[in-house]
Amino acid sequence: MTALATDRALRGTDSITDRLDAAIAATTFDRPTLVLDLDIVSRNFQALQRGLGDASIHYAVKANPAPQVIERLAMLGCHFDAASRGEIELCLSMGARPEHVSFGNTIKRATDIAFAHRAGITMFAADAEEELEKIAEHAPGAQVYLRLIVEPTGADWPLTRKFGCAPARVEGLLAYARDLGLDAIGLSFHVGSQTRHAHMWSDTLNQVAATWHAVRAAGFDLRLLNIGGGFPAFHGDDVDPLEAYSRDVMAQVRARFGDAVQIMAEPGRGMVADAGAIAAEVLLVSRKSDDDLHRWVYLDVGRFSGLAETEGEAIRYQFETARDGDEAGPCILAGPSCDSVDVLYEKRPVSLPVSLRAGDRVVIRNCGAYTSSYSSVGFNGFPPLDVMVI
Ligand SMILES: Cc1ncc(COP(=O)(O)O)c(C=O)c1O
């Protein structure tokens, strides 16, 4: 059994998953297309709600900004984590209330802060003095939470280093925010995207709790803990199911921070990844020499048309073809563009049927997150990844 088949066997397939497959099978695509099923998004939201209990769920819009996804989630009562003016406008236009949208990027354009403030957004993230100054000037009196740097945890797609401040800076920044007239309500962190198991949160939560309790002891009235994202999807390695995972994370959070603290989570990947599959096509199968051990398989989708998370071969997508079951062998998998970094998997080749030919369809599973939003506008004249919503 392939890893994907094992995952399906464990989780069970159902009519919703079958519908995604049926839609792909029934459609002729003239370009790589992400097919998204909104009912799977709803199902994930509900699983997260059950697992996270009284935490407020802010969908990380960057994971998949398809208007239909935002509209569906707004209808279900989900809140949103927006990274830019564009994402804020999208959420508001799809029915989200401004007080349910947080501006979670720690690097914001001053004019976008002013726009958000005028639009009624009240909650902003920051990790530096200058950012607090911008917020105080353009969104006076706003609520802010400070993002903390945490140590890497073993997440497949780490988000350390670039964002957040060191724990030793938190007290000073909170005091500065207060002096600027801001309402410094709490802390945020990100455990790293695709943190496959709930137990992997434990060290990070210990780090954050140490800072949280020290800062509270110093007299700062923190009341919000934003636990960010990290909720995983199946990408070949075993992951905990979403509801059990979320429940376990929440239990760990409550054990360290108590029941009175307001918890906010920002799931992106966990909400949408398994709601989408890319219908792609083989453009060429070749060997570089007669004794080449590996075939090169070139797809019509690559690093620049949505599969950016293959950088460092970090996220391992799962491939299905109509020839599965035929004898299989290792392939180097690459995209179609004229850039030599457009190679998806080479260090760890992918096993694909030996019979695979140009023109064959390849379905790439669990691609609903960080694909359409990463697709370039048209490198080499290839159009951005198309999206079809069912
Ligand atoms: C601030 C913030 N929140 C949430 C997310 C979503 O993370 P994930 O997709 O791992 O759930 C990200 C991802 O980059 C992020 O930067």
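Residues numbered from 1 in each chain as written. Predicted model: local features only at pLDDT ≥ 70, side-chain atom pairs only at ≥ 80, totals over all residues. Heavy atoms only, no water.

In the nomenclature of an unreviewed UniProt entry, the protein corresponds to ornithine decarboxylase from the organism Palleronia salina. Recorded in UniProt under Pathway (unreviewed entry), the annotation for the protein is "Amine and polyamine biosynthesis; putrescine biosynthesis via L-ornithine pathway; putrescine from L-ornithine: step 1/1." Heading Sequence similarities (unreviewed entry) of the UniProt record for the protein holds this comment: "Belongs to the Orn/Lys/Arg decarboxylase class-II family." (UniProt positions renumbered as here; feature names shortened; annotations may be inferred.)

Asks: So, the UniProt feature "modified residue: N6-(pyridoxal phosphate)lysine" (unreviewed entry) in the protein: which residues are in play, and what are the values?
Replies: When the UniProt feature table is mapped onto this chain, "modified residue: N6-(pyridoxal phosphate)lysine" (unreviewed entry) is found at K62. Residue position: K62 is located in the loop between strand 2 (56-60) and helix 4 (67-75). For K62, a relative accessible area of 34% puts it in the partly exposed group. (Helix = DSSP H or I, 4+ residues; strand = E, 2+ residues; numbered from the N terminus. Buried < 20%, exposed > 50% of the residue type's maximum accessible area, 1.4 Å probe, protein only.)

Asks: So what's going on with unusual backbone geometry? Which residues, and what values?
Replies: One non-glycine residue, E313, lies in the positive phi region at around 55 degrees. Structurally, the position occupied by E313 is in the loop between strand 11 (295-299) and strand 12 (318-321). We note that N366 has phi near 50 degrees; this positive angle belongs to a residue other than glycine. Here N366 shows up in the loop between strand 15 (361-365) and strand 16 (386-389).

Asks: Describe the nonpolar core, listing the residues and the values that go with them.
Replies: If you look at the biggest cluster of nonpolar residues, it comprises 110 residues, and the most contacted ones within it are Y59, L225 and I364. Per-element accounting of this core gives the leading share, seven residues, to helix 3 (residues 38-52). Shared between two domains, this core holds at least three residues of each, these being domain 1 (3-33 + 273-389) and domain 2 (104-267). Those residues in contact with I364, other than ones at most four positions away along the chain, are A277, I278, A280, L299, V301, L307, Y317, Q318 and F319. Residues M123, Y145, L224 and M264 belong to the second largest nonpolar core, which totals six residues. (Core = buried A, V, L, I, M, F, W, Y, C linked by side-chain atoms within 4.5 Å. Domains from an automatic or database assignment. Contact = heavy atoms within 4.5 Å.)

Asks: Which residues make up helix 10 (residues 242-257), and what values do they have?
Replies: Taking 1.5 Å of rise per residue, the 16 residues of helix 10 would be expected to cover 22 Å, and the 22 Å separating its terminal C-alpha atoms lies within 8% of that figure. Looking at helix 10, one finds that the buried residues are L242, Y245, S246, V249, M250, Q252, V253, R254 and F257. Lining the buried residues of helix 10 we find helix 3, helix 9 (202-217), strand 8 (224-226), strand 9 (262-265) and helix 11 (269-272). Once helix 10 finishes, G258 follows within two positions and takes phi at roughly 85 degrees, a positive value. (Expected span 1.5 Å × (residues − 1).)

Asks: Account for the pattern of salt bridges, with residues named and values stated.
Replies: Using the criterion set out here, one finds 21 salt bridges in the structure. For the salt bridge of R19 with D37, the shortest nitrogen-to-oxygen distance reads 2.8 Å. A residue pair is termed long-range when its members are at least 10 positions apart, and R19 in helix 2 (residues 15-25) and D37 in the loop between strand 1 (33-36) and helix 3 qualify at 18 residues. Accessibility expressed as a relative area gives 36% for R19, which makes it partly exposed. (Salt bridge = Lys/Arg side-chain N within 4 Å of Asp/Glu carboxyl O.)

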